[in-house]
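# Examination of the molecular architecture
Take a look at the letters that make up each chain.
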Amino acid sequence: MSESFPRLHARTRRFTLGVPRGFTVAPGGDRVVFLRTKGGSDPVTCLWEFDVASGKERLIADPRALAVDEDDLPAEERARRERSREQAGGIVGYSTDTAVTTAAFALSGGLYVADLKTKRIRRLKTAGPVIDPRVSPTGEHVGYVTGGALHVQDLEDEVDHVLARPESPEVTYGLAEFIAAEEMNRMRGYWWSPAGDAVLAERADDSPVDKWHIADPANPSRPVTEQRYPAAGTANTGVELFVLALDGSRVPVPFEDEYLVTASWDAHGLAIVTMPRDQRSIRLLKVDPATGGSTVVREDTDPAWVDIVPGVPGHLSDGTLVWAANVDGGHRLIIGDGPVTPATLQVREVLDVDGDAVLFRAGGDPTEIALWAYKDGRITLVSPAESGVYSGHTAGGTLVVTGQTLDSEGPVTRVLHHGKPRGHIASHAERHGLDLRVSLIRAGARDLATAVLFPSGHVPGSVRLPVLMDPYGGPHAQRVLAASGAYLTSQWFADQGFAVVVADGRGTPGRGPEFERAVLHDLATPPLEDQVDALQGAAARFPDDLDLSRVGIRGWSFGGFLAALAVLRRPDVFHAAIAGAPVTDWRLYDTCYTERYLGRPEEGHYESSSLFADAEKLDRPLLLIHGLADDNVVAAHTLRLSSALLAAGRPHNVLPLSGVTHMTPQEVVAENLLLLQVDFLKKALG
């Protein structure tokens, strides 16, 4: 008997194992370094190198050969992986020098350095468990953090230097604080100078942040985990910057704003990007590393909020600024002082700046993300013309293109050199075995991007199926994309006898700033209205296939909030809901995310987006699921909603998951969660 999809889905970490990732192209374009596990169910990530001329790959570092025990991760590394949603083990990150001849990585707190020419790997002696090792651009030193202190080690004589020690247990040097990692996609806290003689380092002081306590009720003998959590309206971590030179000098780099978005130190100088707490402006500042003084290079403002675009700032070879901003109703690439992309092409991310060329991701249709290049005043599509989701990296005339379409089994990685194919970097991902039956449509009055999935054996018009809405529905994330991997779980639910509808409503990315900003001061009404609109639009498109008298909805995180909201406020439309890790009261969620959309709590926009006031309205089946070890959306969200429902005398179900975080990585848990959800929906919808 073949393995069930839920088991395979769990064992392969949602079919991500075996997929190549983390690409670094050598400046000469002759080599590509990357990460990949050896198989589709192997969770141990190895470091590899692809030779562009021959099209062959070789293994650089295998954690198993290094006899590393992955069960002994430092707490800071576990937190970093949770923030980055890392699902694998082994070498999950690495850094290289500018020439890409030396690589450094951490394994179970140990610091390892690989010579990419000889494949020689050595473990360096360190002062303690290592977090975020980074090789200097010159390849002479490696930096790392341990015990909150920032160290630098000479790679020739292995002499270790402490650049900064924490002044108290609440202080760290060189690590990104919670908000930066969780909400600003900044996973690092220090940056090398191009000459490798100094670093710009973040000093993070958590002492102003409220203490929260996360317990494991299933194991009362285990100590409570204490966490600093900056809930909406409360104090953030205090962030400062210092230029720390290897000669021991220390220069403060003051800045006025609440948030450090990112930093960049290249041949054209040191720059930082900052943002005030209300997030209605973003400033790019050029810093003099000798004095710490700064000048504003560019400032963008928005009456709602500004967007953080990964990959900027950058510079062309002559120092011209590479930036991204909202201009004339679109997310646009900025070169110098002006946009070079049309307002209809929504720029998602800048991937690489190689000399005078810029590689970036953008899309005109919200279901597509293509790979584009800018050079000499022109933009060119460099990914295949077929609709899909693409990403890539480039250097020295070599282009790595990773893409997935609705027809592809999974991601495909191609390597080109000066436009000519040089082979593929193989994926070892398991085959999912599903027969995808996905129709991408535009539904409802707002032409919402919507996917409708039917069981693989369904004959159109033969029977009206119960409907399962399967949204995320909130900012930052899309569900409706022209990529097969986006629908594997949804197709499995469809094969259990449902018509599954996935819709991206207002607030989700891909359709431009105005569409995203429709949720300003109200995270509930527009997303819920659009789920109803998409459902009705899908039923109009498939009138003989969708049974609107039996509609369920499921979701996780923001999708969990939206699912609970649906049965509380629109029981006339939704007849059952599964809410996984839902945000139930936005006062319990973090500052940066929540205040971006709802402002400060005292401004009065939180009540309309919370669920507690609607508890007495529940008259539909509701299953609440929450990991008790979740440090992002803490279990208090579900427990407080359950208390409110109990006080209102409203029956509901709660499924607590002992030891489970926001990601639910445990194989048995992930498998059985799918089975339990199907069982609940079938009983609830008849």
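A short tour of the structure in this document, coming up. (Residues numbered from 1 in each chain as written. Predicted model: local features only at pLDDT ≥ 70, side-chain atom pairs only at ≥ 80, totals over all residues. Heavy atoms only, no water.)

### Some thoughts on unusual backbone geometry
Trans peptide bonds make up most of the peptide bonds, and negative phi angles are found at most residues other than glycine. Residues valine 312 and proline 313 are joined by a peptide bond in cis, for which omega reads 10°. Tracing the backbone shows proline 313 in the loop between strand S24 (294-301) and strand S25 (314-315). Of note, the phi angle at arginine 13 is positive, near 55°, even though the residue is not glycine. Inspection of the secondary structure puts arginine 13 in the loop between helix H1 (5-11) and strand S1 (21-25). According to the relative accessible area criterion, arginine 13 is buried, its value standing at 17%. A positive phi angle is found at aspartate 328, which is not glycine, with a value near 55°. For aspartate 328, the position within the fold is in the loop between strand S26 (321-327) and strand S27 (330-335). (Helix = DSSP H or I, 4+ residues; strand = E, 2+ residues; numbered from the N terminus. Buried < 20%, exposed > 50% of the residue type's maximum accessible area, 1.4 Å probe, protein only.)

### Comments concerning the pairing of strand S36 (residues 420-425)
Examined bridge by bridge, strand S35 (residues 412-417) and S36 share five bridges and lie antiparallel to one another. Directly across from valine 415, in S36, lies its bridge partner glycine 423. (Pairing = 2+ DSSP bridges.)

### With respect to the sheet that holds strand S28 (residues 338-339)
The four strands lie next to each other as S25-S26-S27-S28, forming an open sheet whose pairing is antiparallel. The open sheet is flanked by S25 and S28, the only strands paired with a single partner.

### With respect to the packing of helix H4 (residues 488-495) against helix H10 (residues 667-685)
In the contact formed by H4 and H10, the axes pass within 11 Å of each other and the chain directions differ by 45°. One element, H4, and the other, H10, form an angle in the oblique class. In the crossing of H4 with H10, the sense of the turn from one axis to the other is right-handed. Taking contact as the criterion, the partners of Thr489, Trp492 and Phe493 in H4 are, on H10, Leu674, Leu675, Gln677, Val678 and Leu681. Its residues assigned to classes, the contact of H4 with H10 shows six nonpolar, two polar and no charged. (Axes fitted to C-alpha atoms, helices over the stretch in contact; angles between N-to-C directions. Parallel < 35°, antiparallel > 145°, perpendicular 65-115°, else oblique. Left-handed = near helix turned anticlockwise from the far one by under 90°. Contact = heavy atoms within 4.5 Å. Nonpolar A, V, L, I, M, F, W, Y, C, P; charged D, E, K, R; others polar.)

### As for the pattern of salt bridges
Across all of its chains, the model carries 47 salt bridges by this definition. When the shortest N-O distance is used, the salt bridge between arginine 186 and glutamate 202 registers 2.7 Å. You can see arginine 186 sitting in the loop between helix H3 (178-183) and strand S15 (190-192) and its partner glutamate 202 sitting in strand S16 (residues 198-205), a full 16 residues away along the chain. You'll find arginine 186 and glutamate 202 in the same group, each marked buried. Between arginine 446 and aspartate 533 there is a salt bridge whose closest N-O contact spans 3.9 Å. (Salt bridge = Lys/Arg side-chain N within 4 Å of Asp/Glu carboxyl O.)

Keep in mind these numbers describe shape, not what the thing actually does.
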